[in-house]
Amino acid sequence: MATSRPPPPTTNVVTTYHNDNARTGQNLNETTLTTGNVNASSFGLLFVIPVDGKVDAEPVYLPNLTTSNGTHNVLFIVTEHGSVYGFDADKGTQLWQVSTLGAGETTSDNHGCDQVTPEIGVTSTPVIDPAAGEHGTIYLIAMSKDGSGNYHQRLHALDVTTGAEEFGGPKEIQASYPGAGDNSSGGNVIFDPGQQLERPGLLLLNGVIYTTWGSHCDIRPYTGWVIGYDEKTLSQVSVLNVTPNGNEGGFWMGGTAPSADSSGNIYALDANGVFDTTLNAQGLPNEGDYGNAFLKISTTNKQLTMVDYFEMSYQNSENSTDEDLGSGGAVVLPDLTDGSGNTRHLAVGAGKDGHMYVVDRDSMGKFNPNANNIYQDLSGAVSGGIFSMPAYFNNTVYYGPVGSSIKAFAVSNAQLGSSPTSQTGNSFPYPGATPSISANGTSNAILWAAENANPAVLHAYDASNLATELYNSNQASGGRDHFGVGNKFITPTVINGKVYVGTTS
């Protein structure tokens, strides 16, 4: 079989959730889709690809892959039925399909939780390394249940041209960490593959695949795990538990993904759970419990170490009322210059409480029971709560709150505005929206968002003024562009003149 390696990631690819490890959601190499041609007259539905289960993960994409039947731009889709597909991205035709289920296994049941239902297979967005293996490798986590009722979580590494397992995979997820919290034994917290759920997307950082774990609804026992695996050997290289002497504190982040900066630090929003208010000399929780915090995790020497965090002063009330920060995802902003000429390294995140929390990544603020020591706390800026991730483009942050419009917040002098500069004329029901941006450099910028409805609606807006809607999939007569029932996790993938949106089938 003729083979070829895909081009380097500087070209038009989508290999990870929301386009890059900063999770900006921007594709700045889009030359086909413009504010002039995205309308119901010249833009519309090309094809619907049937698959065998819900598509909760964002589709990912590589161009110019040579497979057994020619060269294709390839769209990769994973389903809750445990399947992984490679499709011709321009025609919608299937190139290959593999199942992640072992012999005699089924997908997991929903554990009495309606958040991922009726089955759990592959929930989180995979990550691709175009340079790994012979042709490039796609990495993903799949959950299953064997004939004896035991649950399994496995890391798979698949050849992007065939779906064949690589590097001796799959790898069973097993872990322990010193602590006396939920599901502990003999001085260690034990990872339980039945209780834990890998909802956030995978992060590939300096040769390590990082996975982050929550649970099914808030059903205990569970804790918050971050586990890293070497991408070439699939061996476990580092483990961190963020509530090892407590409970809960898992990672949901609206099905988005942890972000990372250029120095190799991971940023994640932790869900409600135990926070230890007794701090050590470095201002870190004495027992290592970080429930409901904005976290900075170092990966120096490929070891996971908590180095900084922000915890709101009212964390106890938020934890007790399930009004946590961990319902949304965090975006790492590019270097910004403040009014005094200083370079600022910032990140922004939001959750259920309607605050936009902007942290200085060099000094995040830690915990003070009397005040929020944080770079910016914009209370009420994103009313309705966040179960999604913002997008960033051209000094603007875009948020899609629940039951509200998508709002654009300008960044000036390294400060986010407290009021939107523009917003969409329509609102988005639960879970709001995670926007994606397409542009050619800074021109022809379009914001794309999927509305969770029946039928689902794809919207396109002028990113410079969200009040200008360019297109939505209800505009064409006769339901021409309808594409099925909506799905709450979906983030549109915009690449090479096309937009891909997942549904329930």
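Everything in this summary refers to the structure shown in the same document.

Calculation notes
Residues numbered from 1 in each chain as written. Predicted model: local features only at pLDDT ≥ 70, side-chain atom pairs only at ≥ 80, totals over all residues. Heavy atoms only, no water. Helix = DSSP H or I, 4+ residues; strand = E, 2+ residues; numbered from the N terminus. Rg over C-alpha atoms; globule rule 2.2 N^0.38 Å. Buried < 20%, exposed > 50% of the residue type's maximum accessible area, 1.4 Å probe, protein only. Contact = heavy atoms within 4.5 Å. Salt bridge = Lys/Arg side-chain N within 4 Å of Asp/Glu carboxyl O. Pairing = 2+ DSSP bridges. Axes fitted to C-alpha atoms, helices over the stretch in contact; angles between N-to-C directions. 1 Å grid on protein atoms, 1.4 Å probe; cavity = no way out; pocket = protein on both sides within 12 Å on 5 of 7 lines; lining within 4 Å. Points joined across faces, edges and corners; volume = space filled by probe spheres on them. Nonpolar A, V, L, I, M, F, W, Y, C, P; charged D, E, K, R; others polar. Disulfide = S-S within 2.5 Å. Phe/Tyr/Trp six-rings, centres within 6.5 Å; stacked < 30°, edge-to-face > 60°. Lys, Arg positive; Asp, Glu negative; His and termini not counted. Polar contact = N/O pair within 3.5 Å; in protein donor to acceptor, adjacent residues only side chain to side chain.

### Some thoughts on the overall build of the chain
For the chain, the count of helices and strands is one helix and 39 strands. In summary, the chain has a C-alpha radius of gyration of 21 Å against a globular reference of 23 Å for 505 residues, a match within 12%. Overall, the C-alpha framework of the chain stretches about 60 × 55 × 40 Å when taken along its three principal axes. Among the 505 residues that make up the chain, the fraction classed as buried is 62%. Counting only contacts in the chain whose residues sit at least 6 apart along the sequence, the fraction spanning at least 24 positions is 60%.

### Some remarks on the pattern of salt bridges
A complete count under the given rule lists 12 salt bridges for this structure. Here Arg 220 ties to Asp 182 by a salt bridge, and the two come within 2.7 Å at their closest N and O atoms. Residue Arg 220 is located in the loop between strand S15 (208-215) and strand S16 (225-230), and its partner Asp 182 is located in the loop between strand S10 (176-178) and strand S11 (184-185); the two are separated by 38 residues in the primary sequence. With a relative accessible area of 44%, Arg 220 lands in the partly exposed category.

### With respect to the sheet that holds strand S4 (residues 83-88)
Strand order in the open sheet formed by four strands is S2-S3-S4-S5, with antiparallel pairing between adjacent strands. Looking at which strands have only one partner, the edges of the open sheet turn out to be strand S2 (60-67) and strand S5 (94-99). Neighbouring strand axes in the sheet, compared pairwise and without regard to direction, differ in orientation by 25° on average. Sheet topology note: the S2/strand S3 (residues 70-78) ladder contains six bridges and is antiparallel. When the sheet's bridge partners are listed, Tyr 61 is paired in S3 with Leu 75.

### Brief notes about the layout of surface pockets
Of the pockets and cavities examined, the second largest pocket occupies roughly 570 Å³. In terms of lining residues, the second largest pocket is bounded by 26 residues, among which Leu 45, Phe 47, Val 499, Tyr 500 and Val 501 are the most central. Those elements giving two or more residues to the lining of the second largest pocket turn out to be S3 and strand S39 (498-500). With three residues, S39 is the largest single contributor of residues to the lining of the second largest pocket. Of the residues in the lining of the second largest pocket, the class split is 18 nonpolar, six polar and two charged.

### Here we look at the state of the cysteines
Scanning all chains against the criterion turns up one disulfide. Between the sulfur atoms of Cys 113 and its disulfide partner Cys 217 the distance amounts to 2.1 Å. Note on the Cys 113 and Cys 217 pair: the S-S dihedral is about 95°, so by sign convention the disulfide is right-handed. Residue Cys 113 is found in the loop between S5 and strand S6 (127-129), and its partner Cys 217 is found in the loop between S15 and S16; the two are separated by 104 residues along the sequence. Across the pair, Cys 217 and Cys 113 agree in class, each one buried.

### Details of the packing of aromatic side chains
How two aromatic rings sit relative to each other is given by the distance of their centres and the angle of their planes. Counted according to the given criterion, the structure contains 12 aromatic pairs. Judged by centre distance (5.2 Å) and plane angle (20°), the ring pair of Tyr 85 and Phe 87 falls under stacked. An identical accessibility class is assigned to Tyr 85 and Phe 87; each is buried. Ring geometry for Phe 191 versus Trp 213: centroids 4.9 Å apart, planes at 80°, classification edge-to-face. With Phe 191 in the loop between strand S12 (188-190) and strand S13 (196-197) and Trp 213 in strand S15, this residue pair connects regions lying 22 residues apart in the sequence.

### A look at the environment of Lys 171
Along the chain, the position of Lys 171 falls in strand S9 (residues 171-172). Linking Lys 171 and Lys 366, residues 195 residues apart in sequence, is a C-alpha distance of 36 Å. Discounting chain neighbours no more than four positions away, the residues touching Lys 171 are Gln 153, Arg 154, Leu 155, Tyr 229 and Leu 234.

### Considerations on the side chain of Arg 199
Tracing the chain through its elements places Arg 199 in the loop between S13 and strand S14 (203-205). Buried within the structure, Arg 199 lacks any salt-bridge partner; its nearest side chain of opposite charge belongs to Asp 56, at an N-O separation of 7.7 Å. Engagement of the side chain of Arg 199 in a polar contact is seen with the side chain of Gln 115, the distance being 2.6 Å. Filtering out sequence-adjacent residues up to four positions away, Arg 199 remains in contact with Gln 115, Thr 123, Ser 124, Thr 212, Ser 215, Trp 252, Gly 255 and Phe 489.

### Focus: empty space enclosed by the protein
If you walk through the whole model with that rule in mind, you get three cavities of 30 Å³ or more. Its volume calculated, the largest cavity comes out at about 140 Å³. Lining the largest cavity are 20 residues; nearest its centre among them are Ala 450, Asn 487, Lys 488, Phe 489 and Ile 490. In terms of residue class, the lining of the largest cavity is made up of nine nonpolar, nine polar and two charged.

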